[in-house]
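One letter stands for each residue in the lines below.
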Amino acid sequence: MRHFLFTLILLITTTILFAMENKIPDTQNRVKLTTSLGEIIILLNTEKAPVSSENFITYVKEGFYDGTIFHRVIPGFMAQGGGFDTDFNQKEVHAAIKNEADNGLKNTRGSIAMARTPDPDSATAQFFINYKNSSFLDYTSPTPNGWGYAVFAKVIEGMDVVDAMADKPTGNHGGHQDVPKENIVIEKAEMI
């Protein structure tokens, strides 16, 4: 009996230690965006969207997002950023990533998804924050029209800041529409 208890305790201790070593601490799953309108805290879903989350973390750690703008804001739909500096120059990015829109996460209010071109696997650094539930952006099938947009995170604090973006007047800038007339700047993005 004593041998059994010792083995059981050893097994439980080993399991706990293994789980602790292989679990990403919660502090590594959060990003703070300090914007010109206030702070937004994001919780990444590294379990269901590992590729998109790791991609986002890489850009954050490199300081890529610092000094970028939310360049497309459509009230009642979404706010998109992460690609242009304050002079509206597009920033150089890493290779595109695999579309993870089939991960079960939905484009609901406050969710954050990867922006992309019509090519399903073309997302790089740009992302958008949903203002409302937009199920038409969700994955339905592995076809060009059904792939959807990969949700990888959600706003857990500062949705009022995101909502404030929608109150700012927008217009056209070159070939771009729905561009805030006054820059909404991501002053700093950092892991917290």
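The residue numbers shown here count from 1 along each chain, following its written sequence. In keeping with the predicted nature of the model, local features appear solely for residues at pLDDT of at least 70, side-chain atom pairs appear and are counted solely at 80 or more, and the whole-chain, interface and lining totals rest on all residues. Derived side-chain values reflect all non-hydrogen atoms in the structure, with water molecules and hydrogen atoms excluded from consideration.

*Asks:* Kindly report on the nonpolar core, identifying the contributing residues and their values.
*Replies:* Inside soluble globular proteins, nonpolar side chains tend to come together where they are buried. We call a set of buried Ala, Val, Leu, Ile, Met, Phe, Trp, Tyr and Cys residues a nonpolar core when their side-chain atoms join them within 4.5 Å. The cut-offs for exposure are 20% and 50% of the maximum accessible area for each residue type, with area from a 1.4 Å probe on protein chains only; residues under the lower value are buried, those over the upper are exposed, and the others partly exposed. If you look at the biggest cluster of nonpolar residues, it comprises 34 residues, and the most contacted ones within it are Ile 42, Phe 56, Tyr 65, Phe 70, Phe 127 and Phe 152. Residues count as neighbours in contact if any of their non-hydrogen atoms are within 4.5 Å of one another. Once you skip the residues sitting within four places of it in the chain, Tyr 65 turns out to touch Phe 56, Tyr 59, Val 60, Gly 82, Ala 125, Phe 127, Ile 186 and Ala 189.

*Asks:* Can you tell me about empty space enclosed by the protein, naming the residues and giving the values?
*Replies:* As defined here, a cavity is a set of points on a 1 Å grid over the protein atoms alone where a 1.4 Å probe fits but cannot get out. A pocket is an open set with protein on both sides within 12 Å along at least five of seven lines, and residues line them when an atom is within 4 Å of a point. Grid points are joined across faces, edges and corners, and a volume is the space filled by probe spheres set on the points. Here the structure, examined in full by the defined rule, presents one cavity of 30 Å³ or more. Taken as a whole, the largest cavity holds about 60 Å³ of empty space. What lines the largest cavity is simply Ser 52, Ile 97, Lys 98, Asn 99, Glu 100, Met 114, Arg 116, Pro 120, Ala 123 and Ala 150. Side-chain classes are defined by residue name, with Ala, Val, Leu, Ile, Met, Phe, Trp, Tyr, Cys and Pro counting as nonpolar, Asp, Glu, Lys and Arg as charged, and the others, Gly among them, as polar. Across the lining of the largest cavity, the residue classes tally to five nonpolar, two polar and three charged.

*Asks:* Would you mind going over the confidence of the model for the protein in detail, with residue names and values included?
*Replies:* Detailed reading of predicted coordinates is not advised where the pLDDT is low. Averaged over all residues, the pLDDT of the protein is 90; the fraction at 70 or higher stands at 85%. One number per residue, pLDDT, summarises how confident the predictor is, and it ranges from 0 to 100. Across residues 17–25, where pLDDT falls below 50, the model places two contacts with residues more than four positions away in sequence or in other chains.

*Asks:* Report on the pairing of strand 1 (residues 30–35), specifying residues and quantitative values.
*Replies:* The buried fraction of strand 1 amounts to five of the six residues, a majority that puts the element mostly inside the structure. Whether two strands pair comes down to DSSP finding at least two bridges between them. The secondary structure listing takes helices from DSSP runs of H or I that are at least 4 residues long and strands from runs of E that are at least 2 residues long, numbered from the N terminus. Counting the residues that bridge the hairpin from strand 1 to strand 2 (residues 38–44) gives two residues.

*Asks:* Let's hear about unusual backbone geometry: which residues, and what values?
*Replies:* Unlike most non-glycine residues, Phe 88 shows phi in positive territory, near 65 degrees. For Phe 88, the position within the fold is in the loop between strand 4 (78–85) and strand 5 (111–114). One non-glycine residue, Asp 178, lies in positive phi territory at about 60 degrees. Structurally, Asp 178 can be placed in strand 9 (residues 176–180).

*Asks:* How would you summarise the side chain of Gln 80 if you had to cite specific residues and measurements?
*Replies:* Residue position: Gln 80 is located in strand 4. In protein, a polar contact requires one atom able to donate a hydrogen and another able to accept it; more generally it is a pair of N or O atoms within 3.5 Å, and residues adjacent in sequence count only if both atoms are side-chain atoms. At 2.6 Å, the side chain of Gln 80 forms a polar contact with the side chain of Gln 126.

*Asks:* Tell me about the environment of Glu 92, and name the residues and values.
*Replies:* Inspection of the secondary structure puts Glu 92 in the loop between strand 4 and strand 5. Accessibility expressed as a relative area gives 75% for Glu 92, which makes it exposed. As for Glu 92 and Ala 125, which are separated by 33 residues in sequence, their C-alpha atoms are 9.3 Å apart.

*Asks:* Go over the sheet that holds strand 3 (residues 68–74) with me, naming the residues and quoting the values.
*Replies:* As summarised here, the arrangement of the eight strands in space is 1-2-7-5-6-4-3-10, forming a closed barrel in which the pairing is antiparallel. Here the strands of the sheet are splayed against their neighbours by 35 degrees on average, with no regard to which way each runs. Two elements, strand 1 and strand 2, share six bridges in a ladder whose sense is antiparallel. Paired with Arg 30 across the strands is Leu 43, a residue of strand 2. A fitted line through C-alpha atoms serves as each axis, taken over the contacting stretch for helices, and the angle formed by two N-to-C directions is quoted from 0 to 180°. Strands strand 1, strand 2, strand 5, strand 6 (127–130), strand 7 (151–157) and strand 10 (185–191) of the sheet are contacted by helix 2 (residues 50–62), whose axis makes an angle of about 110 degrees with strand 10.

*Asks:* Outline the layout of surface pockets, listing residues and values.
*Replies:* One number sums up the size of the largest pocket: a volume of about 380 Å³. Arg 72, Gln 80, Ala 115, Arg 116 and Gln 126 are the residues nearest the centre of the largest pocket, which is lined by 20 residues in total. Going through the elements one at a time, strand 3, strand 4 and strand 9 are the ones with two or more residues in the lining of the largest pocket. Across the lining of the largest pocket, the residue classes break down as eight nonpolar, 10 polar and two charged. Empty space within the second largest pocket amounts to approximately 230 Å³. Taken together, 16 residues make up the lining of the second largest pocket; nearest its centre are Leu 43, Asn 45, Leu 105, Ala 153 and Lys 154. The greatest single-element share of the lining of the second largest pocket, amounting to four residues, is contributed by strand 7.

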